[in-house]
Amino acid sequence: MPKPTDTDSPAIQGDIRLDSSVKSTMYYIGGVPVHFPFVPYPSQLGMMNHMIRALTKAQNTMIESPTGSGKSLALLCATLAWRQSFVVRQRKMQENVRQIITRFCMHNTMLLRSRYGSDSTDADPDIKPDAMESDASENPDKLSNNFSFVTLQARAQTLQPETVDFILDTSKNQTLVGLSKDDLATLGEYKDAGKSATQRPRIFFGTRTHKQVAQLVHELRSKTPYRLRTAVLGSRAQTCTHPKAKRAESVDDTCRQLRDDNNCGAYTGFRRVLGSKKLAEGGELEIWDLEDIVSVARPLVACPYYASRELAATAKLVFCPYNYILDPAVRKAAGIELEGNIVILDEAHNIENAARDAGSFEVSDLQLAS
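Described in the following lines is the structure provided in the data block. Sequence order as written defines the numbering, with residues in each chain counted from 1. For a predicted model such as this one, the threshold for reporting local features is a pLDDT of at least 70, and the threshold for listing and counting side-chain atom pairs is 80 or more; totals across whole chains, interfaces and linings nevertheless cover every residue. Hydrogens and water are ignored here; the side-chain numbers use all heavy atoms of the structure.

### Here we look at the state of the cysteines
Phase 1 of the analysis: The term disulfide is used for any two cysteine sulfur atoms that are within 2.5 Å. In this structure the tally under the stated criterion is 0 disulfides.
Phase 2 of the analysis: Here C303 is not cross-linked by a disulfide; its sulfur's nearest cysteine counterpart is in C255, at 6.0 Å.

Put into structure tokens, the structure is as follows:
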């Protein structure tokens, strides 16, 4: 059993908050601090350990556990804890790289000027020569008539990946003053990490039914201390508030027609939902379900369906039915990018049927006849 630690201490640095009002205990599992609402069952510990190892190695994994063993809660806590730990490591690496570049600039001014001291470099157009200085005579660190040390260092930091490549390439031919072998090794790790050094992984949690989505939202909101921007993707049939569309045989077709004819005030005003304090960070519905967003949108005469899609674009955790992940057309329409992100498919024994449905379509007799 991992050693528990009380959660009275401040939340670890990251972009996921911990709600101190929710009772939990912290366990180190696979080197990751996991906050869990109660003493985990052995099966839950096994699942969380397996999940964290797979995420650390960026591998696919399949976890099997009996019904009622608390697998959904274990998956949520393990994934959010790993992501929190990953972001902390990212930020530490980025800070280390920033400090290394600063030392490089301080001790290798001639190289700095040769790389960034010309208007011909591919520098950030927003960084102007000496834009931050009013009197050149007050700047003893002046390197040229056009660019000050401060400006060149700002360029080097703004173009961080390019600067890292320049330092590593230069270090192959000469010794760089102020940088150690460990510094160069850190820059090498940063370069090898590629996008993962800066990209914050998003979590897409797919389920078979909306009832299962509602259960996951409830467990995350009421049982765990993790607080982050979430979103739920669902169909128009579940979220549409327009009277005509709701009565129609096909909600989707009627919705599109109303939208194209500019006859849906809720659609044109769906962004009003985005400013709701209830859905904002720290709001009472920061973690929301479809019923919640409908209740927020209805009095605003705003469309919950399009609002949920907009909110999903920036959410760290997105709950959705399988087809949003498995069906390429639906995935593209929803703007879901899987590369570099975390994908969880709950109740995966249903995937075969879901994948078959995603690759199939129905044709009526009338359509065939025409």
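Now that the structure is up, let's keep going.
### Here's the deal with the nonpolar core
Phase 1 of the analysis: For this analysis, a nonpolar core means a set of buried residues of the types Ala, Val, Leu, Ile, Met, Phe, Trp, Tyr and Cys, connected via side-chain atoms within 4.5 Å. Summary of the burial criterion: residues with accessible area below 20% of their type's maximum are buried, those above 50% are exposed, and those between are partly exposed, where the area comes from a 1.4 Å probe applied to protein chains only. Among the nonpolar cores identified, the biggest contains 69 residues, and V34, M48, W288, L317 and F319 are the most heavily contacted of them.
Phase 2 of the analysis: What counts as a helix is a DSSP run of H or I of at least four residues, what counts as a strand is a run of E of at least two, and both are numbered from the N terminus. No other element matches the 10 residues that helix α2 (residues 71-107) contributes to this core.
Phase 3 of the analysis: Contact criterion: two residues are considered in contact whenever any of their non-hydrogen atoms come within 4.5 Å of each other. Ignoring anything within four residues of it in the chain, the contact list for L317 reads L76, L80, I203, F205, L220, L228, R229, T230 and A231.
Phase 4 of the analysis: Core analysis: the next-biggest nonpolar cluster, separate from the first, contains 22 residues, F104, F149, L152 and V164 among them.

### A look at the packing of aromatic side chains
Phase 1 of the analysis: Ring pairs are drawn from Phe, Tyr and Trp, using the six-membered ring of Trp, whenever the two centres fall within 6.5 Å, and their geometry is named by plane angle: stacked under 30 degrees, edge-to-face over 60, tilted for the rest. Applying the stated criterion across every chain, the model contains 9 aromatic pairs.
Phase 2 of the analysis: Geometrically, the ring pair formed by F270 and Y306 is tilted, given 6.0 Å between the ring centres and 40° between the ring planes. Placement of F270 in the loop between α11 (265-268) and α12 (290-297) and of Y306 in helix α13 (residues 304-312) is noted, with a sequence separation of 36 residues between them.
Phase 3 of the analysis: Residue Y306 is classed as buried on the basis of its relative accessible area of 12%.
Phase 4 of the analysis: Aromatic ring contacts, followed pair by pair, group Y267, F270, Y305 and Y306 into a single cluster.
Phase 5 of the analysis: Directly above the aromatic system of Y116 lies the positively charged group of R115, at a separation of 5.2 Å from the ring centroid. Two conditions define a charge sitting above a ring: the NZ of Lys or the CZ of Arg must be within 6 Å of the ring centre, and it must be within 35 degrees of the ring normal.

### Section: the side chain of T224
Phase 1 of the analysis: As for its position among the elements, T224 is in the loop between α7 (210-223) and β6 (226-227).
Phase 2 of the analysis: At a separation of 2.8 Å, a polar atom in the side chain of T224 contacts the main-chain carbonyl oxygen of L220.
Phase 3 of the analysis: At 3.4 Å, the side chain of T224 forms a polar contact with the backbone nitrogen of Y226.
Phase 4 of the analysis: Apart from residues no more than four positions distant in its own chain, T224 is found in contact with V22, L73, C77 and E219. Whenever a nitrogen or oxygen atom comes within 3.5 Å of another N or O atom, the pair is scored as a polar contact, on the condition that within protein one atom can donate a hydrogen and the other can accept it, and that pairs from neighbouring residues in sequence are kept only if both atoms are in side chains.

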